[in-house]
Amino acid sequence: MGKRLRDSITSRYVEAANKMTSKKARRKIVAYVESYDDILFWRTVLGRFEDETRFFEVMLPSKQVLRRGKKSVLMNFIGDRMGPDMIACVDADYDYLLQGVTETSRKILQSPYVFHTYVYAIENYQCFAEGLHNVAVMVTLNDHAIFDFKTYMREYSEACYPLFVWSIWAYRTGRYIDFSMSDFDRVVEVGGFNLQTPHYSIEHLRHKVERKVNYMQHNYQKYVKDVEKLDMELRQLGVTPQTTYLYIHGHHIFDAIVAPIMTKVCNRLRMEREAEINRTAVHKTQMYNEISCYENSLADVKLMLKKNMGYMACPQFQRLQADVEQYLNASTRTSSTDQNPE
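Visitor: Could you give an account of the sheet that holds strand β1 (residues 27-32), with specific residues and numbers?
Guide: Strand order in the open sheet made by the four strands is β2-β1-β3-β4, with parallel pairing throughout. For this open sheet the edge positions go to β2 (54-59) and β4 (114-116), each flanked by a neighbour on one side alone. Sheet twist, expressed as the average angle between the axes of neighbouring strands with direction ignored, equals 25 degrees. Pairing between β1 and β2: six bridges, direction parallel. What sits directly across from Val 30, in β2, is Glu 57.

Visitor: Report on the packing of aromatic side chains, specifying residues and quantitative values.
Guide: For the structure on display, the rule yields 23 aromatic pairs. Between Tyr 94 and Phe 164 the ring centres are 6.0 Å apart and the planes differ by 80 degrees, which places this aromatic pair in the edge-to-face class. Residue Tyr 94 is found in the loop between β3 (86-90) and α5 (95-98), and its partner Phe 164 is found in helix α9 (residues 149-172); the two are separated by 70 residues along the sequence. Each member of the pair, Tyr 94 as well as Phe 164, carries the same accessibility label: buried. One aromatic cluster is present, built from ring pairs that chain together Tyr 94, Tyr 120, Phe 164, Tyr 171, Tyr 176, Phe 179 and Phe 184. When the ring centre of Phe 49 is taken as origin, the NZ or CZ atom of Arg 48, which lies over that ring, is 4.7 Å away.

Parameters at a glance
Think of each chain on its own: its residues are numbered from 1, step by step along the sequence as written. The predicted origin of the model limits local features to residues at a pLDDT of at least 70 and limits the giving and counting of side-chain atom pairs to 80 or more, whereas totals for whole chains, interfaces and linings rest on all residues. Excluding hydrogens and water, the side-chain values take into account all heavy atoms of the structure. Here the rule is simple: two strands pair whenever DSSP picks up at least two bridges between them. We count a stretch as a helix when DSSP gives it H or I for four or more residues in a row; a strand needs E for two or more, and each element gets its number in order from the N terminus. Note on method: axes are straight lines fitted to C-alpha atoms, helices fitted across the in-contact stretch only, with angles between N-to-C directions ranging 0 to 180 degrees. Side-chain rings of Phe, Tyr and Trp (the six-membered ring for Trp) are treated as a pair once their centres are within 6.5 Å; stacked means planes under 30 degrees apart, edge-to-face means over 60, and tilted covers the remaining angles. Only protein chains enter the accessibility calculation, which uses a 1.4 Å probe; a residue is then buried when its area is under 20% of its type maximum, exposed when over 50%, and partly exposed in between. Two thresholds decide whether a charge sits over a ring: the Lys NZ or Arg CZ must be within 6 Å of the ring centre and within 35 degrees of the ring normal.

As structure tokens, then:
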């Protein structure tokens, strides 16, 4: 296949190729994603829908040119490239919560062939609080629950929520230059986290958020009512004060909040396990061998977070899967109609 033809592949091309194959052959659906790291996540989303009639091929937007990111994926809207046999799978970012204010937001909300995470990004799913204890176990092989991840992430979210509403307002109204996502990220860093006294970091965060909210209310006083209305709208979209961390910049939540906390938890669990080995070993040779064996079994914190699949119980993930199921049901009905016209 020549380069020009490869670059002109559209959903209709894939659909035509599907029709030319044997009736017993499975239908191929191409799913474009933003980056290499996204392939496993979307394979997890889509794989459960594969059967004897269809399969998905998850790939980057182009095999010929190294292009990545949401913009590259959504470029496939040009002409008729997207369709029943070629879909786009992207992070929601703020676009879901912007509710059509921007062109990108309209694309991911209106097209039946674009699927988004609902939460900000895949990293937010990887940091889903319900699954974090299991990550600690994968890293350390120690099942001792020494930290309440669910409570901490809930309190972190509640502290961030009042300012998060202002952040969405800034992006909906085009005032993100005055209050950017980077500005928001800096405010909601915890800093000085201590495993023994985690509530201190939450209290410090609350004070920082309160100061910034007061600043926003003072400088944008005439928009306070609009922000209050936006608060109610965000809740209707699924955002709650208890789950704000799922909608905050994913890399910030992963790199600046969860990974550092997880590292401290895992260091403590590792020390606990090594102390146990030291205490129960019959002699030094056994102790050294056992510790060496244990240390060789330890895993990297960030790598295990990226492999965390505890998000399957997350309501937003289940909503995403419901969207895929609805699309497949609709495209199956369309395909049946095309094959059996009245």
